[in-house]
Amino acid sequence: MITIAMQTIIQYSLNKQRTTAKVVNIAGRQRAHSQRLLNELYSCRFHDCDYADLKLTLNKLYQMHRVLQEGSEHLGIDKLEDDAILANFDKLDVHANWFHSKLKEVKNWDKVSFNDMRYHVDRFMTIMDGIVLQFQKKSEADIKAMRVVEMELAILSVIIVLFEILFIVNPIINRILKQKKKLEEIAWHQSHAFSSHMKNVKDLQYVLKAEKIPERQQEIIKFISEELDKLKEVSNNMVTALS
């Protein structure tokens, strides 16, 4: 579970970084769009005019201005919820709306003051610089937070491993060692006590066959019975060692 959680967090962190990089890139291009509006307007006023380029640049600037605040499912950008950055976008709205209102109609381009245009472009670029910086700092803070979470999960995984060693692996090892000790006891009984008594029984059986005196035979049978009792005791000890 810890491994899955770490992989999920790492993947989330990577996706977050990609999204932030995309947002910073778009915000940076907004500065270029505003500068290009000024250049295109100047060209249309005094040189050859490419109306399509100016309209396209205006639409991109205004559209991305909204996307950076409201998000875009298509671009994979979440809605902006940082109050400090939103406050700067509120300041930026004045200039973005001015561009849109003054340049959306081609017939009004001749009436746009260059001094006003330069002022709004300069203010737009200055505020956007601040916004880009805020996005970058927010990204760094998010990365640091993810690293802290990853470190906490790594520490937790180490604790879990130690817990498993102490409370799961160690008891298993102890049981194995105890079982080994029992088997060693059984082997000792087999190789020493059990074998010794069996040899005595065989020897007594041999003597019993050779003995002709009934009294002596009874005595030998008694000895054999005692050895059998001792064998039974050894067998019981072997069973006890296994239990």
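Provided above is the structure to which this section pertains.
Everything numeric in this text was worked out from a predicted model, so none of it was measured.

Peer 1: Which residues make up the overall build of the chain, and what values go with them?
Peer 2: Along the backbone of the chain there are 5 helices and 0 strands. Listed by position from the N terminus, the elements making up the chain come as α-α-α-α-α. Burial status across the chain gives 28% buried among its 243 residues. Considering only contacts in the chain between residues 6 or more positions apart, those separated by 24 or more positions represent 74%.

Peer 1: Can you break down the pattern of salt bridges residue by residue, with the values?
Peer 2: Scanning the model with the defined rule gives 5 salt bridges in all. Between aspartate 129 and arginine 31 there is a salt bridge, and its shortest N-O distance comes to 2.3 Å. Here aspartate 129 is found in helix 4 (residues 114–210), whereas its partner arginine 31 is found in helix 1 (residues 2–46), with 98 residues between them in sequence. Residues glutamate 40 and arginine 36 are paired through a salt bridge, measuring 3.6 Å at the closest nitrogen-oxygen approach.

Peer 1: Hey, could you go over the packing of aromatic side chains for me, with residue numbers and the actual values?
Peer 2: Considering all chains together, one arrives at 4 aromatic pairs under this definition. Look at phenylalanine 163 and phenylalanine 167: their rings are 4.7 Å apart centre to centre, the planes differ by 40°, and that puts the pair in the tilted class. In this pair, phenylalanine 163 and phenylalanine 167 both sit in helix 4, 4 residues apart, roughly one turn of the helix. On the basis of relative accessible area, phenylalanine 163 is assigned to the partly exposed category, the value being 47%. Residue classification places phenylalanine 167 among the exposed residues on the basis of a relative accessible area of 54%.

Peer 1: Requested: an account of the nonpolar core, with residues and values cited.
Peer 2: Grouped together as the largest cluster of nonpolar side chains are 35 residues, with contacts concentrated most on Phe99, Leu103, Met117 and Phe135. Those elements that provide at least two residues to this core are helix 1, helix 2 (51–70), helix 3 (83–103) and helix 4. Looking at this core, the element that brings in the most residues is helix 4, giving 10 residues.

Peer 1: Kindly report on the side chain of asparagine 88, identifying the contributing residues and their values.
Peer 2: Following the sequence through the fold, asparagine 88 ends up in helix 3. In this structure the side chain of asparagine 88 is engaged in a polar contact, spanning 2.8 Å, whose partner is the side chain of glutamine 134. In this structure asparagine 88 touches Ile127, Ile131 and Gln134, once residues within four positions along its chain are discounted.

Peer 1: Talk me through helix 3; I want residue IDs and the actual numbers.
Peer 2: Its 21 residues place the ends of helix 3 30 Å apart at the C-alpha level, agreeing with the 30 Å of an ideal helix rising 1.5 Å per residue. Buried within helix 3 we find Ile85, Asn88, Phe89, Leu92, Asp93, His95, Ala96, Trp98, Phe99 and Leu103. Measuring from the backbone nitrogen of alanine 84 back to the side-chain oxygen at the start of helix 3 gives 3.0 Å, which picks out aspartate 82 as the cap.

Peer 1: Could you give an account of the side chain of histidine 65, naming the residues involved and the relevant values?
Peer 2: Within the secondary structure layout, histidine 65 lies in helix 2. Judged by its relative accessible area of 0%, histidine 65 is buried. A polar side-chain atom of histidine 65 sits 2.5 Å from a polar atom in the side chain of aspartate 93. Apart from residues lying up to four places away in sequence, histidine 65 is in contact with Gln30, Phe89, Leu92, Asp93 and Ala96.

Peer 1: How would you explain helix 2 if you had to name every residue and give the values?
Peer 2: Every α-helical turn comprises 3.6 residues, leaving residues that sit three or four positions apart pointing alike. Spanning 20 residues, helix 2 covers 28 Å between terminal C-alpha atoms, matching the ideal 28 Å at 1.5 Å per step. All of the buried residues along helix 2 are Leu54, Thr57, Leu58, Leu61, Met64, His65, Val67, Leu68 and Gln69. Note on helix 2: the residue one or two positions beyond its end, glycine 71, has a positive phi of about 85°.

Peer 1: Please set out the packing of helix 2 against helix 3 residue by residue, giving values where relevant.
Peer 2: Look at helix 2 against helix 3: their axes get within 10 Å of each other, and the N-to-C directions meet at 155°. Taken together, the axes of helix 2 and helix 3 lie roughly antiparallel to each other. Read as a crossing pair, helix 2 and helix 3 show a hand that is left-handed. Two secondary-structure elements touch here, helix 2 through Leu54, Lys55, Leu58, Leu61, Tyr62, His65, Arg66, Leu68 and Gln69 and helix 3 through Phe89, Leu92, Asp93, Ala96, Asn97, Phe99, His100 and Leu103.

Conventions we followed
Residues numbered from 1 in each chain as written. Predicted model: local features only at pLDDT ≥ 70, side-chain atom pairs only at ≥ 80, totals over all residues. Heavy atoms only, no water. Helix = DSSP H or I, 4+ residues; strand = E, 2+ residues; numbered from the N terminus. Buried < 20%, exposed > 50% of the residue type's maximum accessible area, 1.4 Å probe, protein only. Contact = heavy atoms within 4.5 Å. Salt bridge = Lys/Arg side-chain N within 4 Å of Asp/Glu carboxyl O. Phe/Tyr/Trp six-rings, centres within 6.5 Å; stacked < 30°, edge-to-face > 60°. Core = buried A, V, L, I, M, F, W, Y, C linked by side-chain atoms within 4.5 Å. Polar contact = N/O pair within 3.5 Å; in protein donor to acceptor, adjacent residues only side chain to side chain. Expected span 1.5 Å × (residues − 1). Axes fitted to C-alpha atoms, helices over the stretch in contact; angles between N-to-C directions. Parallel < 35°, antiparallel > 145°, perpendicular 65-115°, else oblique. Left-handed = near helix turned anticlockwise from the far one by under 90°.

What is shown is where atoms sit, not what they do.
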